[in-house]
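For reference, the chains in residue letters:
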Amino acid sequence: MLTEAELIQIRRHLHQIPELALHETATHAYLKAVVDQLPATWLTVREPSELPTALLVKVAGSQPQRTIGYRADIDALPVDETASCSFHSMHPGVMHACGHDIHMTVALGLLIYFAENQPQDNLIFFFQPAEESESGGKQAYDLGLFTGAWHIDEFYGLHDNSDLPTGTIGCRLGTLFAGTSEVNVTIHGTSGHAAFPHRANDAVVIAASFITQIQTIVARNIDPTACGVVTFGKMTAGSIRNVIAGEARLEGTIRGLTQDMILFIRQRVSEIAAGVAQTYNAQIDVTFNQGGYYPVENDPQLTANFIQYMQRAADVDFQETPPAMTGEDFGYLLNQIPGTMFWLGVDSPGALHAANFQPHEGAIIKGVTAMRGFLTDRMAH
Ligand SMILES: CC(=O)N[C@@H](CCC[C@H](N)C(=O)O)C(=O)O
């Protein structure tokens, strides 16, 4: 078992080399180098050429009754880190602002422990590329990476949580995270001189109207006791102040705790787009992409067992948590393979995805301890 200082050293190294979805080559190389130093007696390492930055490690159990999967996502975000720590991101404009460096370190801590202490059941560690976009989990599943000798019976994975106290495990029965669908909108107007608006069709004005009307979906179309989100986080239009923009492009995300809710919000976005297009005599194209970002549905039996363990373990602080509107492509994997996703509290001053996200590193050893205990207990039953 690694010491807390050794785990923190690993995390700081990973924090310095954040990489965007499907480009995690340095991260992959570092993970592989750590794995290569482990006693190989009961380990099998797999680097799938179809998904080159993914890494799978199988730990053969001594008397396996099942194969347990543990997933850690490895990609980072296009966020410019603001903290001035000694292990600041070395990749300008890219940051582990969602804490995947913590996720990987907890997974390595567990892997190193079980490489030195043979587990009873088989364990498969899946270091997954592309959680923030590009659906790396779905890609892995659809490529057949979990078939044959790599079949997984039950899957576990964590996400860090900036609001929970450091090291606290949070979980719930049922839906933990929302499903999400990306939405892209292109508004085609007609450009022209700023001084002659009557001869143009201003895409910025149309976009403003569209965005305003979209706010009525959550405010007026959704049952207030249900949950839905539509956020357009990116809007681009125009080139200079005195030219009317002929085109505007909006990129957003739709979220719901059920697939029906996601489909309903998509339908309203399309209807509003059609209405705005008619009002302004413009063309509006709308496309959606859900990929693997299904609602994260925890398996009832496995999750009840997980929660019971965490509640009774003397060295674990556990909190039952409400559903969150964050998305995760672990939702796709849990749609195919039963399992449990849970939170690990990191008590950060900055929120997830914020440039000042600074997870408390004390969470790492607590996460390893909680999951080492849980997995050992699970294998005994
Ligand atoms: C945990 C987390 O923050 N996940 C991301 C996943 C986003 C998926 C997709 N690209 C989308 O934006 O819909 C999140 O933003 O919740």
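Further up the page is the structure itself.
Everything quoted here is computed from the prediction, not taken from an experiment.

**Q** Is there a simple way to explain the packing of aromatic side chains in this structure?
**A** Each aromatic ring pair is summarised here by two numbers: the centre-to-centre distance and the angle between the ring planes. For the structure shown, the criterion picks out 14 aromatic pairs. On the numbers, 6.4 Å between centres and 25 degrees between planes, the contact of Tyr156 with Phe306 is stacked. On the criterion of sequence distance, the pair formed by Tyr156 in strand S5 (residues 154-161) and Phe306 in helix H7 (residues 300-312) is long-range, its members being 150 residues apart. The exposure classification of Tyr156 matches that of Phe306, with both residues buried. Here Phe306 and Phe342 contribute two aromatic rings whose centre-to-centre distance is 4.8 Å and whose plane-to-plane angle is 35 degrees, an arrangement assigned as tilted. Taken together, the positions of Phe306 in helix H7 and Phe342 in strand S16 (residues 339-345) put the pair 36 residues apart, joining distant regions of the chain. Assessed through its relative accessible area of 0%, Phe306 is described here as buried. In this structure Phe342 comes out as buried when scored by relative accessible area, which is 0%. Through a chain of ring-to-ring contacts, three or more aromatic side chains come together here, namely Tyr156, Phe306, Tyr309, Phe342 and Phe374. Across from the ring centre of Tyr113, 5.2 Å away, lies the NZ or CZ of Arg372, which sits over that ring.

**Q** Just checking my understanding: could you explain the side chain of Thr186 for this structure?
**A** As for its position among the elements, Thr186 is in strand S8 (residues 179-188). Residue class for Thr186 comes out buried when judged on its relative accessible area of 13%. Among the polar contacts made by the side chain of Thr186, one reaches the side chain of Arg249 at a distance of 3.4 Å. Those residues in contact with Thr186 that sit more than four places away from it in its chain are Glu247, Ala248, Arg249, Gln283, Ile284 and Asp285.

**Q** Would you explain the sheet that holds strand S13 (residues 283-289) in this entry?
**A** The strands making up a sheet associate through hydrogen bonds between their backbones, and the pairing can be parallel or antiparallel. Here we have four strands laid out as an open sheet, ordered S10-S12-S8-S13, and antiparallel in their pairing. Two strands lie at the open edges of the sheet, namely strand S10 (228-237) and S13, each paired on one side alone. Neighbouring strand axes in the sheet, compared pairwise and without regard to direction, differ in orientation by 20 degrees on average. For S10 and strand S12 (residues 247-256), the ladder comprises nine bridges, and the chain directions are antiparallel. If you follow Thr231 over to S12, its bridge partner there is Thr253.

**Q** What am I meant to see in the environment of Gln139 here?
**A** For Gln139, the position within the fold is in helix H4 (residues 136-142). Assessed through its relative accessible area of 27%, Gln139 is described here as partly exposed. In this structure Gln139 touches Leu22, Leu51 and Glu134, once residues within four positions along its chain are discounted.

**Q** Explanation requested: the site of the ligand in the structure shown.
**A** Around the ligand, the structure places Cys98, Glu131, Glu132, His159, Thr180, Glu182, Thr253, Arg255, Tyr293, Thr326, Gly327 and His353. Between the ligand and Glu182 there is a distance of 2.9 Å, counted from a nitrogen atom to a side-chain nitrogen or oxygen. Between the ligand and Thr253, the relevant distance is 3.0 Å, taken from an oxygen atom to a side-chain nitrogen or oxygen of the residue. Its free accessible area being 410 Å², the ligand has 89% of it covered by the protein chains. Among the residues making up the shell around the ligand, the classes are represented as two nonpolar, six polar and four charged. Both domain 1 (4-176 + 296-379) and domain 2 (179-289) contribute no fewer than three residues apiece to the shell around the ligand.

**Q** Whenever I open this one, the sheet that holds strand S4 (residues 122-128) confuses me. Can you help?
**A** An order of S1-S2-S4-S3-S5-S16-S6-S15 is seen for the eight strands of this open sheet, with the pairing classed as mixed. Edge positions in the open sheet fall to strand S1 (43-46) and strand S15 (318-320), since each of these has one partner strand only. Direction aside, the axes of adjacent strands within the sheet are offset by 25 degrees on average. Summarising the sheet, strand S6 (residues 169-171) and S15 pair through three bridges and their orientation is parallel. Following the sheet pairing, Ile169 is matched in S15 by Phe318.

**Q** Could you clarify how one ought to interpret helix H5 (residues 203-221) in this entry?
**A** Note on helix geometry: an α-helix contains 3.6 residues per turn, so any two residues three or four positions apart are oriented the same way. An ideal rise of 1.5 Å per residue puts 27 Å on 19 residues; H5 measures up with 26 Å between its terminal C-alpha atoms. Buried within H5 we find Ala203, Ile206, Ala207, Ser209, Phe210, Ile214 and Ile217. Seen along its axis, H5 keeps its buried residues to an arc of 160 degrees; they face one direction. Along H5, the residues that are exposed and aim more than 90 degrees away from the buried face are Thr212 and Arg220. Buried-residue contacts for H5 involve S8, S10, S12, helix H6 (259-280) and S13.

**Q** It is not clear to me how the packing of H5 against H6 should be interpreted in this structure. Could you clarify?
**A** Between two packed helices, both the angle of their axes relative to each other and the distance between the axes serve to describe the pair. Closest axis-to-axis distance for the H5/H6 pair is 10 Å, and the angle between their directions is 145 degrees. Handedness of the crossing formed by H5 with H6: right-handed. In this structure, H5 contributes Val205, Ile206, Ser209, Phe210, Gln213, Ile214, Thr216, Ile217 and Asn221 to the contact, and H6 contributes Phe264, Ile265, Arg268, Val269, Ile272, Ala273, Val276 and Tyr280. Of the residues contributing to the contact of H5 with H6, the split by class is 12 nonpolar, four polar and one charged.

Scoring rules and cut-offs
- Residues numbered from 1 in each chain as written.
- Predicted model: local features only at pLDDT ≥ 70, side-chain atom pairs only at ≥ 80, totals over all residues.
- Heavy atoms only, no water.
- Phe/Tyr/Trp six-rings, centres within 6.5 Å; stacked < 30°, edge-to-face > 60°.
- Helix = DSSP H or I, 4+ residues; strand = E, 2+ residues; numbered from the N terminus.
- Buried < 20%, exposed > 50% of the residue type's maximum accessible area, 1.4 Å probe, protein only.
- Lys NZ or Arg CZ within 6 Å of the ring centre and 35° of its normal.
- Polar contact = N/O pair within 3.5 Å; in protein donor to acceptor, adjacent residues only side chain to side chain.
- Contact = heavy atoms within 4.5 Å.
- Pairing = 2+ DSSP bridges.
- Axes fitted to C-alpha atoms, helices over the stretch in contact; angles between N-to-C directions.
- Near = heavy atom within 4 Å.
- Areas by Shrake-Rupley, 256 points an atom, 1.4 Å probe, with all protein chains shown as cover.
- Nonpolar A, V, L, I, M, F, W, Y, C, P; charged D, E, K, R; others polar.
- Domains from an automatic or database assignment.
- Expected span 1.5 Å × (residues − 1).
- Arc of directions from axis to C-beta.
- Left-handed = near helix turned anticlockwise from the far one by under 90°.

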